[in-house]
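The lines below spell out each chain.
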Amino acid sequence: MFSEIDPYIYVATITALATIIYIWISYRVTSFRKSRVDRIEKLIKKDPETTAAIPTDVLTAKEERQERREMVKGVKTRFTVIRRTLILFIVLVWALAMILPFMGRLPSTMISIIVAVSTAVVGIAARPVVENMISGIVISFSKQLRVGDTLVVDGQYGTVEDISITHTKIKTWDWKRYVIPNSRMLNKEFVNLTLNDSLQWAYIEFSVSYETDIDMVREIAMEVAAQSEHHNEQEVPQFWIRSMDKERVVCWIAAWADSPAEAWNLKSDVSMRLIRAFREKGIATHLTYVNLSQEHE
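Remember, it's a predicted structure, so these values are computed and weren't measured experimentally.

Caption draft 1: Spatial organisation of the overall build of the protein. When its secondary structure is counted, the protein shows seven helices and nine strands. Buried residues in the protein amount to 38% of all 297 residues. Taking as baseline every contact in the protein between residues at least 6 positions apart, the subset at least 24 positions apart corresponds to 70%. Surface accessibility of the protein: about 18000 Å² in total, with carbon and sulfur atoms responsible for 60%.

Caption draft 2: Just the environment of methionine 133, in detail. Mapped onto the elements of the fold, methionine 133 is located in helix α4 (residues 127–140). Taking the C-alpha atoms as reference points, methionine 133 and serine 164, 31 residues apart in sequence, are found 8.9 Å from one another. The residues contacting methionine 133, other than those within four sequence positions of it, are Thr85, Ile165 and Thr166.

Caption draft 3: Spatial organisation of the nonpolar core. In this structure, Ile40, Leu145 and Met185 are the most contacted members of the largest nonpolar core, which totals 25 residues. Ranked by residues supplied to this core, first place goes to helix α1 (residues 7–46) with seven residues. When residues no more than four places from it in sequence are discounted, the contact partners of methionine 185 are Ile139, Leu145, Leu151, Val153, Thr168, Ile180 and Phe190.

Caption draft 4: How the structure looks around the side chain of serine 183. Structurally, serine 183 can be placed in helix α5 (residues 182–185). At a separation of 2.9 Å, a polar atom in the side chain of serine 183 contacts the side chain of asparagine 132. The residues touching serine 183, leaving out its near neighbours within four places in the chain, are Glu131, Asn132 and Ser135.

Caption draft 5: Expanded view of the packing of helix α6 (residues 214–227) against helix α7 (residues 260–281). Relative to each other, α6 and α7 sit at 140°, their axes nearing to 9 Å. Classed by the angle they form, the pair α6 and α7 counts as oblique. Considering the relative orientation of α6 and α7, their crossing is right-handed. The residues of α7 that touch α6, namely those facing Met216, Val217, Ile220, Ala221, Val224, Ala225 and Gln227, are Val270, Arg273, Leu274, Ala277, Phe278 and Lys281.

Caption draft 6: View of the pairing of strand β8 (residues 249–257). Along β8, nine of the nine residues are buried, which leaves the element largely enclosed by surrounding structure. Judged by which residues are buried, β8 turns out to be covered on both faces: Val249, Cys251, Ile253, Ala255 and Ala257 on one side and Val250, Trp252, Ala254 and Trp256 on the other are all buried. The pairing of strand β6 (residues 200–208) with β8 spans nine bridges and is antiparallel. Bridged to serine 207 within β8 is valine 250. Summarising the sheet, strand β7 (residues 238–244) and β8 pair through six bridges and their orientation is antiparallel. Residue phenylalanine 239 lies in a different strand from β8, and its bridge partner there is isoleucine 253. Following β7, the chain reverses through four residues before pairing antiparallel with β8.

Caption draft 7: Geometry of the packing of aromatic side chains. One pass over the structure, following the stated rule, counts eight aromatic pairs. Judged by centre distance (6.2 Å) and plane angle (65°), the rings of tryptophan 201 and tryptophan 240 are edge-to-face. Linking tryptophan 201 in strand β6 with tryptophan 240 in strand β7, this pair joins segments that are 39 residues apart in sequence. Plain terms: the ring middles of tryptophan 201 and tryptophan 256 are 4.8 Å apart, the flat faces sit at 50° to each other, and that makes the pair tilted. Here the residue tryptophan 201 occupies a position in strand β6, and tryptophan 256 occupies one in strand β8, the gap between them amounting to 55 residues. Taking the relative accessible area as the measure of exposure, tryptophan 201 reaches 9% and is therefore buried.

Caption draft 8: Broad picture of the pattern of salt bridges. Throughout the structure, instances matching the rule amount to 10 salt bridges. Where aspartate 154 meets lysine 188, a salt bridge forms, and the shortest distance between an N and an O atom there is 2.6 Å. With aspartate 154 in the loop between β1 (150–153) and β2 (156–163) and lysine 188 in the loop between α5 and β5 (191–192), the pair connects residues that are 34 residues apart, well separated along the chain. By relative accessible area, which is 40% here, aspartate 154 ends up partly exposed. With relative accessibility at 18%, the residue lysine 188 sits in the buried group. With a closest N to O distance of 3.1 Å, arginine 273 and aspartate 269 form a salt bridge. Placement of both arginine 273 and aspartate 269 in helix α7 is noted, with a separation of four residues, approximately one turn of the helix. One network of salt bridges, with partners in common, ties together Glu161, Lys169, Lys171 and Arg177.

What counts and what doesn't
- Residues numbered from 1 in each chain as written.
- Predicted model: local features only at pLDDT ≥ 70, side-chain atom pairs only at ≥ 80, totals over all residues.
- Heavy atoms only, no water.
- Helix = DSSP H or I, 4+ residues; strand = E, 2+ residues; numbered from the N terminus.
- Buried < 20%, exposed > 50% of the residue type's maximum accessible area, 1.4 Å probe, protein only.
- Contact = heavy atoms within 4.5 Å.
- Areas by Shrake-Rupley, 256 points an atom, 1.4 Å probe, with all protein chains shown as cover.
- Core = buried A, V, L, I, M, F, W, Y, C linked by side-chain atoms within 4.5 Å.
- Polar contact = N/O pair within 3.5 Å; in protein donor to acceptor, adjacent residues only side chain to side chain.
- Axes fitted to C-alpha atoms, helices over the stretch in contact; angles between N-to-C directions.
- Parallel < 35°, antiparallel > 145°, perpendicular 65-115°, else oblique.
- Left-handed = near helix turned anticlockwise from the far one by under 90°.
- Pairing = 2+ DSSP bridges.
- Phe/Tyr/Trp six-rings, centres within 6.5 Å; stacked < 30°, edge-to-face > 60°.
- Salt bridge = Lys/Arg side-chain N within 4 Å of Asp/Glu carboxyl O.

Here it is in structure tokens:
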């Protein structure tokens, strides 16, 4: 079949096709890199502590700037590696296409040896690296997981600090680093608290006895939540009776917060205020459960 094709036309066609693919991939990778960098810079401008799951003043201004530079640098490096990897793959495919017409002239034994050795190297020695690299490329072009996102994964609450070509690094709320290979991260189920926006619906569950004036409890809870500096004032807090158990009435007080970090602080602040207010009013109760995960509805 190849003997019927003009070799010059064949080479020119394959080369032109490889060039077009190279230009398209370079454009797409550059475009994704720019959009990711712009997003991080906007997040930092909106919230300078975007790299922390919980706001803290432990870092100096210099250290915070260094962290921001590292985030941007990590994104640029990752997409540079992806671009080079994809270009290398194109070159290899182009080279294979170039020698394909001449494969029939090589002894079948030699071809079998080359294929067997290549398969063994990739399949045994390089398999974990290849799997993580491919997964890293898929994650990089996905909008479900990005640097700066706040997640709950494997019971860990934190922000995505870096996505390298092989691993995803999450800074947890207590400033530990949770490192997950990309091949595993791609198959994990996680809650992305900032996928579409950063607003969080935070609630606290507590119980009171049936003898308590429930209208007073509602008034206190609503007032306490509204007075918190971490509450988003665009919508008033909401109060619900969650259930009526045998010996208690289970209540919820919920309010909006501007970010997962603010939701965390909102829950702590409202809990403290509720305890004080109930004590002052002589309401015998105890906080039975504080939900530490953020739910966005």
